[in-house]
Amino acid sequence: LRDEPETASPPADSAAGAGEELMPAEDPQEVVAPSGGRGGASPAQVVSLYAGAYANWTWRDVAQKNGSVLARLTAGELREAVRANARDLRADTTLERDRQANKGKQLALDVQGTDPDRRTVWVVLQETASAKGLSDLSDSGTTVYRGTAERLDDRRWYVTAFEPAS
C-alpha cells in the first residue's frame, strides 16, 4: 500500500490488448504455494480480492492487511515484499498521526492469457486518499493495475505481481 494513488492510462493497442499475454524476457523463478496461503479459486477472484484489500485501508488496519490478508493471497517475491511492507508500516508513526486512509472501488477487471497456470489480470481502480478524514478531488484518481496470477502446486491461484500499468 502506498501514500498516494498513481494515475495511469490503459494500454493502447498492446499485445496484451490484442489477447496475447506479455511475458518477461527471462525465465520466471519456480514459485511454490506458501505455507498458510489460501490463494483463490480463479485468477479473477484472487486478483480482485488482492486489489480490494490493497486499495481499501485505514491507518488502523493497513499493517494487518499487509501482514495477513495480502500475504495469504500472494506467493513468491511479492509475498516477501508484502510482509516486509507490513513490518515497515507497523513502525510508521505518520499513519496514526495523520490518520491516513485510502478507499478504492473496482471499476473493471479483465483476465488475459492462455497459459493454464499463469494469467495477466488488468484491474481498474478508482481510489481516494484521505488524511484526518478529509479528502478532495486532487486526492482521487483512477489507476490501471497489471497483476499476474499463477496456479501453484496446491492448484490454487496466487498473485505473484501487482503494479500500476505504465
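Up top you'll find the structure we're talking about.
Throughout what follows, the structure given in this document is the object of discussion. (Residues numbered from 1 in each chain as written. Predicted model: local features only at pLDDT ≥ 70, side-chain atom pairs only at ≥ 80, totals over all residues. Heavy atoms only, no water.)

A few words on helix α2 (residues 62-73). For α2, built from 12 residues, the straight-helix expectation of 16 Å at 1.5 Å per residue is met to within 8% by its first-to-last C-alpha distance of 15 Å. Looking only at α2, the buried set comprises V62, A63, K65, N66, S68, V69, L70, A71 and L73. In this structure, the buried side of α2 is in contact with α1 (43-55), β1 (57-58), α3 (76-91), α4 (93-98) and β5 (157-164). (Helix = DSSP H or I, 4+ residues; strand = E, 2+ residues; numbered from the N terminus. Expected span 1.5 Å × (residues − 1). Buried < 20%, exposed > 50% of the residue type's maximum accessible area, 1.4 Å probe, protein only. Contact = heavy atoms within 4.5 Å.)

With that settled, the discussion passes to the nonpolar core. Ranked by internal contacts, the top residues of the largest apolar core, which has 21 residues, are V46, V47, Y50, V159 and F162. Where this core is concerned, the elements lending two or more residues are α1, α2, α3, β3 (118-131), β4 (140-151) and β5. If you tally residues by element for this core, the top one is α1, at 7 residues. If we skip the residues at most four places from it in the chain, F162 touches V47, Y50, A51, Y54, L78, Y145, R146 and G147. Grouped together as the second largest cluster of nonpolar side chains are 6 residues, W59, V62, A63 and L95 included. (Core = buried A, V, L, I, M, F, W, Y, C linked by side-chain atoms within 4.5 Å.)

This part covers the side chain of R79. Here R79 is to be found in helix α3. Although R79 is buried, it forms no salt bridge, and the closest oppositely charged side chain is E80 at an N-O distance of 4.9 Å. A distance of 2.5 Å separates a polar side-chain atom of R79 from the backbone oxygen of A71. (Lys, Arg positive; Asp, Glu negative; His and termini not counted. Salt bridge = Lys/Arg side-chain N within 4 Å of Asp/Glu carboxyl O. Polar contact = N/O pair within 3.5 Å; in protein donor to acceptor, adjacent residues only side chain to side chain.)

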